[in-house]
Amino acid sequence: MSRTRTTCPGCDRDDRVQAVPAVYLAGRDAVTSRERNRDGDMRTVTRTVTTGLSDALAPVPRPPTYGIVVLGILAAFVSLATFIGGTQAGHWFEDEPAGTDGDGVPRVGGVYLVPDGSTAPDYSQPLGSAGAASPPDFAYLGLISAAALLAVVLVAVVVHRRRTAFVRLTRGRHRAEELWSHGWYCHRCGTVHFEGVPGEDRAPLTLQRFRERVWEHGGYGDLAAEQRAVDPGRS
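Notes on the structure follow. Since this is a predicted model, take the numbers as computed values, not measurements. Within any chain, residue numbers begin from 1 and follow the written order of that chain's sequence. At least 70 in pLDDT is required for a residue's local features to be given in this predicted model, at least 80 for side-chain atom pairs to be given and counted, and no such filter applies to totals for whole chains, interfaces and linings, which use all residues. Each side-chain value is worked out from all heavy atoms of the structure, with water and hydrogens disregarded.

**Concerning the overall build of the chain**
How we decide: Only DSSP runs of H or I with at least four residues qualify as helices, and only runs of E with at least two residues qualify as strands; both kinds are numbered from the N terminus onward. Exposed residues in this analysis have more than 50% of their type's maximum accessible area, buried residues have under 20%, and partly exposed residues fall in between, with area computed by a 1.4 Å probe over protein chains only. Every residue pair with non-hydrogen atoms within 4.5 Å of one another is taken to be in contact. For accessible areas, the Shrake-Rupley method is used with a probe of radius 1.4 Å. Any residue's cover is judged against the shown protein chains and nothing else.
Counting its regular elements, the chain contains seven helices and eight strands. Here the chain holds 235 residues, and the buried ones make up 27% of them. Considering only intrachain contacts with a sequence separation of at least 6, the fraction spanning at least 24 residues in the chain is 53%. Total accessible area computed for the chain in this model is approximately 15,100 Å², and 56% of it derives from carbon and sulfur atoms.

Rendered as structure tokens:
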């Protein structure tokens, strides 16, 4: 830990006082590990491990989660699978009508239409009704595919709106980071104070109060009540 000349207003000592940005970055480590994927193959995974103290000193709120994307991926798979199944089983795009091939024998797709149990076409029956049951109707697959595709579009819209709203909400983060960079954390007292900021006194602040002051400066102070600072004892 680097030594500073900034004393803590709580204990009036400087041996365990550290700049807030340094504390924040020190609590964020990239950890690389080897693990198996679903196919059983080994892969390298890098994750960011963050301490509770680093989280509590964050200058901006956590971005919105996008767990709904999983629903969108599932819906896309259902839409594609039902569409392929419907086109193959239901012949949705069949453009070859039933007819004859010059020999007077009714055909559909090159296949002779004959009654069940017979080896010769029966011209006394209407075309396509030679004792055979009607093929199943696969139109319901088209409805499922369309509904799933609609779900994909809705998920995309929701994700885009959340991302846009977060960017718009945190557009003043540069002001918050400016104030945040003047904060000093005392590891002995567990408090934060400001140094050299006009209009801000040096009174020690709790982690929650520090978060509220910084986030209010950035224009998103309301989120401080929803995303409360975590006790550093978690680290």
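**Notes on the layout of surface pockets**
The probe, sized like a water molecule, is rolled over the atoms to show the empty space still left. Formally: Residues are called lining when one of their atoms sits within 4 Å of a cavity or pocket point, these points coming from a 1 Å grid over the protein atoms alone, where a cavity is a set in which a 1.4 Å probe fits but cannot get out and a pocket is an open set with protein on both sides within 12 Å along at least five of seven lines. Grid points are joined across faces, edges and corners, and a volume is the space filled by probe spheres set on the points. In this classification, Asp, Glu, Lys and Arg are treated as charged, Ala, Val, Leu, Ile, Met, Phe, Trp, Tyr, Cys and Pro as nonpolar, and every other residue, Gly included, as polar.
In this model, the second largest pocket occupies a volume close to 160 Å³. Every residue lining the second largest pocket is counted, 14 residues in all, and those nearest its centre are Tyr-24, Arg-28, Ala-58, Val-60 and Arg-62. For the lining of the second largest pocket, the secondary-structure elements that each account for two or more residues are helix H5 (173-180) and helix H6 (207-218). Split by residue class, the lining of the second largest pocket holds seven nonpolar, one polar and six charged.

**Some thoughts on the nonpolar core**
Side chains of a nonpolar character, in soluble globular proteins, are inclined to be buried together. Threshold: Definition of nonpolar core: a set of buried residues of the types Ala, Val, Leu, Ile, Met, Phe, Trp, Tyr and Cys, connected through side-chain atoms within 4.5 Å.
Counting residues in hydrophobic clusters, the biggest one holds 23 residues, and the most contacted among them are Leu-57, Phe-210 and Val-214. Of all the secondary structure elements, the ones that give two or more residues to this core are helix H1 (20-26), helix H2 (52-56), H5, strand S8 (191-194), H6 and helix H7 (223-226). By residue number, the principal contributor to this core is H6, which donates four residues. Sequence-distant contacts of Phe-210, that is, excluding residues within four places in its chain, are made with Val-20, Leu-57, Trp-180, Gly-183, Val-192, Phe-194 and Leu-205.

**Some remarks on the state of the cysteines**
Defined as follows: In what follows, a disulfide is any cysteine sulfur pair within 2.5 Å.
Tallying each qualifying case throughout the model produces zero disulfides. Summary of cysteine pairing: Cys-189 is not part of a disulfide, and the nearest cysteine sulfur, belonging to Cys-186, is at 3.7 Å.

**Some thoughts on the side chain of His-193**
Which entries qualify depends on this criterion: By the criterion applied in these results, polar contacts are pairs of N or O atoms within 3.5 Å in which, for protein atoms, one can donate a hydrogen and the other can accept it, and in which residues neighboring in sequence qualify only through two side-chain atoms.
Residue placement: His-193 occurs in strand S8. For His-193, a relative accessible area of 1% puts it in the buried group. A polar contact of 3.5 Å, which involves the side chain of His-193, links it to the backbone oxygen of Thr-7.

**A word on H5**
To keep things clear, this is the line we draw: The arc in question is the one traced by the directions running from the helix axis out to the C-beta atoms.
Those residues of H5 lying buried are Ala-176, Leu-179 and Trp-180. Projected down its long axis, H5 shows its buried positions confined to an angular sector of 100°, all on one face. Residues of H5 that are buried make contact with H1, strand S7 (183-186), S8 and H6.

**Quick word on the sheet that holds S7**
Definition in use: One requirement defines pairing of two strands: DSSP has to find at least two bridges between them. Lines fitted to C-alpha atoms define the axes here, with helix axes fitted over just the stretch in contact, and angles between the N-to-C directions of these axes take values from 0 to 180 degrees.
Reading across from one edge, S1-S7-S8 is the order of the three strands in this open sheet, with antiparallel pairing throughout. The open sheet is flanked by strand S1 (17-19) and S8, the only strands paired with a single partner. Taking the axes of each pair of neighbouring strands and ignoring which way they run, one obtains an average angle of 30° across the sheet. Of the pairings in the sheet, the one linking S1 to S7 comprises three bridges and is antiparallel in character.

**Side note on the pairing of S8**
Going residue by residue along S8, you find Thr-191 and His-193 tucked away on one face and Val-192 and Phe-194 tucked away on the opposite face as well. As judged from the four bridges shared by S7 and S8, these two strands associate in the antiparallel manner. In the strand pairing of S8, Gly-183 is matched with Phe-194. The turn joining S7 and S8, which pair antiparallel and follow one another in sequence, is formed by four residues; a positive phi near 75° is taken by Gly-190.

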